[in-house]
Amino acid sequence: MIQSDLHRINPNHPVLLMDFDQTIRNGGGTSNRIMKTLYKILEERGVEQEKIEEVSIKTRREGRFGSYNYILGLCDDDVDKFNELCAELFPRVDYSNVHRDIKLLKALKKVSKKYNLYIFTNAHRMHVDICCKILFGVGLKDLNFIKCFDITETYENGKFTRKQDEGGLEKACQRIGADMSECILIDDNKYIIKCAKS
């Protein structure tokens, strides 16, 4: 996996870690749409249901939780195959429920004057980029006031680490170059907030 430069834009400002789906991104849940599209692609590729079920059990048994560890498992734990599948998957997902929000874009720019802003998500960077293009009219590379710590940034030793997994928040802070005490987390998932407090 390619790792981005995630160091703070302004080392003197605190860090604001913001969840993406259903926190920044509007339009309700997209997980089901992503998985529905994934299963359609697997069907087109002739992947048997038995293999799909075996991979689901295997990844969980190995402590590799979440959709992207599951997708990695479906790709025989081959990162190149994973990237190819994701490149096919996300452009096919129905994002019609996401809509433009220029007011939010302006608010985020204003907040970035006082905080180092990070999209902090268990989602894939391609998903975030597509949604940003819909939300803000520009993709991640053109949002120069915010950085993205997505699930692909966490790949290590054959697995992805979610925010709520052991060491997930610490890994993000280490990559950013910030102590946990310098960070504020905004998330819609109460369990992730609880993990951050502990």
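Conventions we followed
Residues numbered from 1 in each chain as written. Predicted model: local features only at pLDDT ≥ 70, side-chain atom pairs only at ≥ 80, totals over all residues. Heavy atoms only, no water. Helix = DSSP H or I, 4+ residues; strand = E, 2+ residues; numbered from the N terminus. Expected span 1.5 Å × (residues − 1). Buried < 20%, exposed > 50% of the residue type's maximum accessible area, 1.4 Å probe, protein only. Contact = heavy atoms within 4.5 Å. Pairing = 2+ DSSP bridges. Axes fitted to C-alpha atoms, helices over the stretch in contact; angles between N-to-C directions.

With that out of the way, let us pick up helix 6 (residues 125–136). An ideal rise of 1.5 Å per residue puts 16 Å on twelve residues; helix 6 measures up with 16 Å between its terminal C-alpha atoms. By the burial criterion, the buried members of helix 6 are His127, Val128, Asp129, Cys131, Cys132, Leu135 and Phe136. Among the structural elements, helix 1 (31–44), helix 5 (102–111), strand 2 (116–120) and strand 3 (146–149) are those in contact with the buried residues of helix 6. Backbone geometry just downstream of helix 6 places Gly137 in the positive-phi region, at approximately 80°.

Turning our eyes to something else, we now look at the sheet that holds strand 2. Spatially, 3-2-1-4 is the arrangement adopted by the four strands of the open sheet, whose pairing is parallel. Each end of this open sheet is capped by a strand with a single partner; those strands are strand 3 and strand 4 (183–186). Pairs of neighbouring strands in the sheet enclose a mean axial angle of 25°, with direction left out of account. Against the sheet, helix 7 (residues 168–176) engages strand 1 (15–18), strand 2, strand 3 and strand 4, with an angle of about 140° to strand 2.

Keep in mind these values describe shape, not function.
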